[in-house]
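The primary structure of each chain is shown beneath.
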Amino acid sequence: MNEDPGRKQNLMQDFLDNIRLSRRSFVKASAATGAAVTLGAGVSLDLKALARTTGPTAEGQGRWMPSTCQGCTSWCSKQVYVIDGRAVKVRGNPHSKVNVGAGCPRPHLAIQQVYDPDRIKTPMKRTNPKKGRDEDPKFVPISWDEALGTIADRIMELRNNGEPHKYMLMRGRYTYMRDILYDRMTKIIGSPNNISHSAICAEAEKFGPYYTEGLWDYRQYDVENARYILIWGADPLAANRQVSYYSKAWGTVIDRAQIAVVEPRLSATGAKSDVWLPIEPGHDGALATAIAHVILTEGLWHREFVGDFKDGLNRFRTGQDVLESDFEEKHTYGLVRWWNLVLKDKTPEWAAPETGLPADQIRQVALDFGRAAPHAISWVGGGPVMQVRGGYAGMICHALNGLVGSVDNTGGTLAPNKVYTQDFPEPDDFLDDIAKTGKQHEKIDQRGRLEFPSLNGGKSGGGVVTNNAADGILDADPYDIKMAVAYMNNFTFSCGQPERWERALAKIPFLVHITTNASEFSWFSDILLPCTHHLFEKWGYIKVHGNGYRHVSLMQPIIKRIGDYKTDETEIPWLIAEKLAERGFDNLLRHYKQYRDPETGEAPTTAEEFALYALKYATHKVWNPALHEGGDKFDGWEEFVRIGVSNSDPYPFRKRWGKMKTRTGMFEFYSETLKEALTKHAEKHGVDVDKVMETCDYEARGELAFVPHYEPPVTSGDPEDYPLLFVDHKSRLNREGRSANCSWYYEFKDLDPGDEIWDDVAKINPVDGKKAGIATGDRIRLTSSTGSIECTAKLWEGVRPGTVAKCYGQGHWAYGRLASKVFGKVPRGGNNNDLIPAVYERLSGSTVRHAGTRVKIEKI
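Only a predicted model underlies this, so the values are computations on that prediction, with no experimental measurement involved.

Draft legend 1. Representation of the overall build of the chain within the structure. Helices and strands together make up the secondary structure of the chain, namely 28 helices and 35 strands. Radius of gyration (C-alpha) of the chain: 27 Å, near the 29 Å computed for a compact globule of 860 residues. A principal-axis box enclosing the C-alpha atoms of the chain has dimensions of 75 × 70 × 65 Å. Here the chain, with 860 residues, has 65% of them falling under the buried criterion.

Draft legend 2. Quick look at the packing of aromatic side chains. Inspection of the entire model under this criterion finds 48 aromatic pairs. Their ring planes at 45° and their centres at 6.0 Å tell us that F316 and F327 sit as a pair that is tilted. In this pair, F316 is assigned in the loop between β14 (307-309) and β15 (327-329) and F327 in strand β15, connecting sequence segments 11 residues apart. F316 gets classed as buried once you look at its relative accessible area, which sits at 2%. With relative accessibility at 6%, the residue F327 sits in the buried group. Taken together, a centroid distance of 5.1 Å and an interplanar angle of 20° make the contact between Y746 and W758 stacked. Of this pair, Y746 sits in helix α27 (residues 743-747) while W758 sits in the loop between α27 and β27 (761-764), placing them 12 residues apart in sequence.

Draft legend 3. Here's a closer look at the packing of helix α5 (residues 144-160) against helix α21 (residues 571-582). α21 packs onto α5 with a crossing angle of 65° between their chain directions and a minimal axis gap of 9 Å. One way to sum up the angle between α5 and α21 is to call them roughly perpendicular. α21 is crossed by α5, and the crossing has right-handed handedness. Across the interface between the two elements, W144, D145, L148, G149, I151, A152, I155 and M156 of α5 pack against I572, L575, I576, K579 and L580 of α21. Broken down by class, the residue content of the contact of α5 with α21 amounts to 10 nonpolar, one polar and two charged.

Draft legend 4. Representation of unusual backbone geometry. Note the cis peptide between A373 and P374, where omega equals 0°. Going from D477 to P478, the amide bond is cis rather than trans, its omega being 20°. Secondary-structure assignment places P478 in the loop between α18 (469-475) and β19 (483-487). Within the chain, S454 stands out as a residue other than glycine whose phi angle is a positive 45°. Of note, Q497 is a non-glycine position whose phi angle comes to about 55°, a positive value.

Draft legend 5. Region of the structure containing the sheet that holds strand β23 (residues 549-555). With antiparallel pairing, the three strands of this open sheet are ordered in space as β22-β23-β24. At either margin of the open sheet sits one strand with a lone partner, and together these are β22 (540-546) and β24 (645-647). The average angle at which neighbouring strand axes cross in this sheet is 15°, direction not considered.

Draft legend 6. Structural context of helix α16 (residues 390-403). For α16, spanning 14 residues, the distance from its first C-alpha to its last is 20 Å, which sits close to the expected 20 Å at 1.5 Å a residue. Phi turns positive one or two residues past the end of α16, at G405, with a value near 70°.

Draft legend 7. Structural detail: the pattern of salt bridges. Throughout the structure, instances matching the rule amount to 57 salt bridges. Residue E324 is joined to R337 by a salt bridge in which the shortest nitrogen-to-oxygen separation is 3.5 Å. Here E324 is found in the loop between β14 and β15, whereas its partner R337 is found in helix α12 (residues 335-343), with 13 residues between them in sequence. Overall, the relative accessible area of 21% leaves R337 in the partly exposed class.

Draft legend 8. Molecular detail of helix α20 (residues 499-507). Of the residues making up α20, those classed as buried are R500, W501, E502, A504 and L505. Close packing links the buried residues of α20 with β8 (167-171), α18, α19 (491-494), β20 (510-515) and β33 (840-841).

Draft legend 9. Region of interest: the side chain of T68. Mapped onto the elements, T68 comes out in strand β3 (residues 62-68). Using a relative accessible area of 0% as the deciding quantity, one classes T68 as buried. A distance of 2.6 Å separates the side chain of T68 from the side chain of S553, its partner in a polar contact. Looking at T68, its side chain comes within polar contact range of the main-chain oxygen of L554, at 2.7 Å. Not counting residues up to four positions away in its chain, the partners in contact with T68 are W75, C76, K78, H534, L535, I542, S553, L554 and M555.

Draft legend 10. Spatial organisation of the sheet that holds β3. Across the sheet, which stays open at both edges, the three strands sit in the order β3-β4-β5 with antiparallel pairing between neighbours. Of all the strands in the sheet, just β3 and β5 (86-92) have a single pairing partner and so form its edges. Neighbour-to-neighbour, the strand axes of the sheet open up by a mean angle of 30°, direction not taken into account. With six bridges connecting them, strand β4 (residues 77-83) and β5 associate as antiparallel partners. Opposite V82, over in β5, you have A87 as the bridge partner. Helix α4 (residues 106-114) contacts β4 and β5 of the sheet and is inclined by roughly 170° relative to β5.

Draft legend 11. Looking closely at empty space enclosed by the protein. Evaluation of the coordinates by the stated rule reveals nine cavities of 30 Å³ or more. By volume, the second largest cavity is sized at about 190 Å³. Along its surface, the second largest cavity is lined by 19 residues, and Q113, T516, H533, R738 and Y815 are the ones closest to its centre. Of the residues in the lining of the second largest cavity, the class split is four nonpolar, 10 polar and five charged.

Thresholds, definitions, all that
- Residues numbered from 1 in each chain as written.
- Predicted model: local features only at pLDDT ≥ 70, side-chain atom pairs only at ≥ 80, totals over all residues.
- Heavy atoms only, no water.
- Helix = DSSP H or I, 4+ residues; strand = E, 2+ residues; numbered from the N terminus.
- Rg over C-alpha atoms; globule rule 2.2 N^0.38 Å.
- Buried < 20%, exposed > 50% of the residue type's maximum accessible area, 1.4 Å probe, protein only.
- Phe/Tyr/Trp six-rings, centres within 6.5 Å; stacked < 30°, edge-to-face > 60°.
- Axes fitted to C-alpha atoms, helices over the stretch in contact; angles between N-to-C directions.
- Parallel < 35°, antiparallel > 145°, perpendicular 65-115°, else oblique.
- Left-handed = near helix turned anticlockwise from the far one by under 90°.
- Contact = heavy atoms within 4.5 Å.
- Nonpolar A, V, L, I, M, F, W, Y, C, P; charged D, E, K, R; others polar.
- Pairing = 2+ DSSP bridges.
- Expected span 1.5 Å × (residues − 1).
- Salt bridge = Lys/Arg side-chain N within 4 Å of Asp/Glu carboxyl O.
- Polar contact = N/O pair within 3.5 Å; in protein donor to acceptor, adjacent residues only side chain to side chain.
- 1 Å grid on protein atoms, 1.4 Å probe; cavity = no way out; pocket = protein on both sides within 12 Å on 5 of 7 lines; lining within 4 Å.
- Points joined across faces, edges and corners; volume = space filled by probe spheres on them.

What follows is the structure, given as structure tokens:
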């Protein structure tokens, strides 16, 4: 349809007014190629025509501007079509080699987010001194000057009283500008309490790779060169890292590789797989153990990576020990010891009753996986690892990559590529005696105690125990928290057993929340600070890897702000530093003035300059041609801003073989790295490793603690009272739980297999539904040992009998007019976390989300 420019401008305004898209056009708009989007009344706009240029269109309407989506951890580089300062369309940035110009539904929802009428547009302060879920905060607008002055006064009060450690910073999603607020400001004030969200995200996924190959990080997967992909509790087409890229590449992957998905529900990826393995929740480790057994007994390990028996004869026979001296390893360590300790008896017949899967199916998957070596991927997601005993499950699932030689190999599992960003200046010279003393106190999350090894990077207490911070606050253990600042988080919704967070936040005398919307966390706050939206309104950058590359992608302010917003990680800490300097404490401001513009050498004088200069400082080795060390080369800052993304050099396959960051330098089937970490943690507390295992609810004793192995799951709730296992999963429409005030989130909810539009459903196998007398459409109550929620029943064959699956994301009682039925009072749907108890995988500090909760169902 040909339209004049004025007519199209009116259509864009209609678009911004949230006229509903048709289902077909919305899905098409999510594709990388662009589509004709229906704007209403049968009128459409040709988005393909808009996509032909990165400059103004022929009509001169607008421009494609680069930025970055943080709707999930894919962190895709994007381009936003901007007309007269308004965002109207989002697409993948074709310059990125990570997401290769692809997109998913999430960035389109971001347009509804940024123009959400329920966004906070000015600072607010609480006028009701009482705090609780049933207490209306009675927020009133205030100026930035009053808000910042109040915050500075509270910080100074803590420092003047010698209590800077009672200040706390809580971080949710972040950019790589994070350390300005999260680290530097917290340390210079004098507190040890910078608490991140990492342990409620997927920290346990890193445990297995670290204690086998020395990689405490998320992996990337060379899927287009793989011949077999075995996916454990991940859904890469919906809710895993690099959703955009995998969605674009999956057609090629399906043509080239066999795909098997281990998951008790039929996920989006499972629906496009060759084999769906609806495992009994919590028994992933048993399946991985049996697969390893078959690979060894059938002689399918990759000899170029692992090695071989000296005489070439396979001595791995069921039930028989093997002499370590008979096997000569190449790039691995401890294979024979692992066999003797764990694998020799663990046949598919042993695993079948543990997993609820047929022995012949287990054997066939093992054979197909092994025969694809070394182009076989064992893809470890949150399902196997975010369990009470998930550490060793993660190790044994990842160890399969070692057996088939796919680690660091073509068609295998890869580490992040190197990029050349720069850390911000260290704060040490700006720490006074008050700060140095304050920093020495124990952290509020109790990491590093006997019961919380949290062995990030091999260090006792090296990682955060996010959800336990609530109990530290409630119990004033090790001390009470008197002031907290939080940003891009909502722990009163996103943590297991969130009512603990409600009580904990109510106990903090002064709480500041930096947020876009008034969330459940905001409800307990004393001051709300409105912040910019990551995709459209702020300077920042991220680093993320996928497709054999790593990119550095920029965020930049590309639209007109409709509220008095400030950027969370840069502008707000600068403004607080200015207020602290006015009160005689200028250390933080003097530190920030070190972040000079690399082009001019000028120090920042305003919050806006600071945000820009800090970004240029952190990325100047990327865009300055004189400092180029690798990856894309730019003429300078302006070209980097115009392109919006820098790509690393291609992945250097096999470079880490024999040079892994383990104690032995090898891929460790017997983990000397874990042995050292556990021993040091035990010695720190005057006990032995067996006591650590007992305290952390693991069964392993002796040498078994140092090898990948299976342990049966630990669940909350008596099976007699709570007969079904609860399966939590994520939506392809979830912008990390922040989609709930977007109408498109509900209108297109059935893009998630088994879900329904404008409803929140619990998926129940018809066998279980018949037993309980429940039919599709019934209103039901799910109850666990810690809480209950109400939702709608959906009988669906895509869930394993004995389980009930429900998508995370609904159940807000705040956040906005769509997110809740009655703001501040009645939730829309149910929050899964109300059912999930606050329990942990203690070796990593991770929150338990899977295979840990039993529920019962009642018809309402």
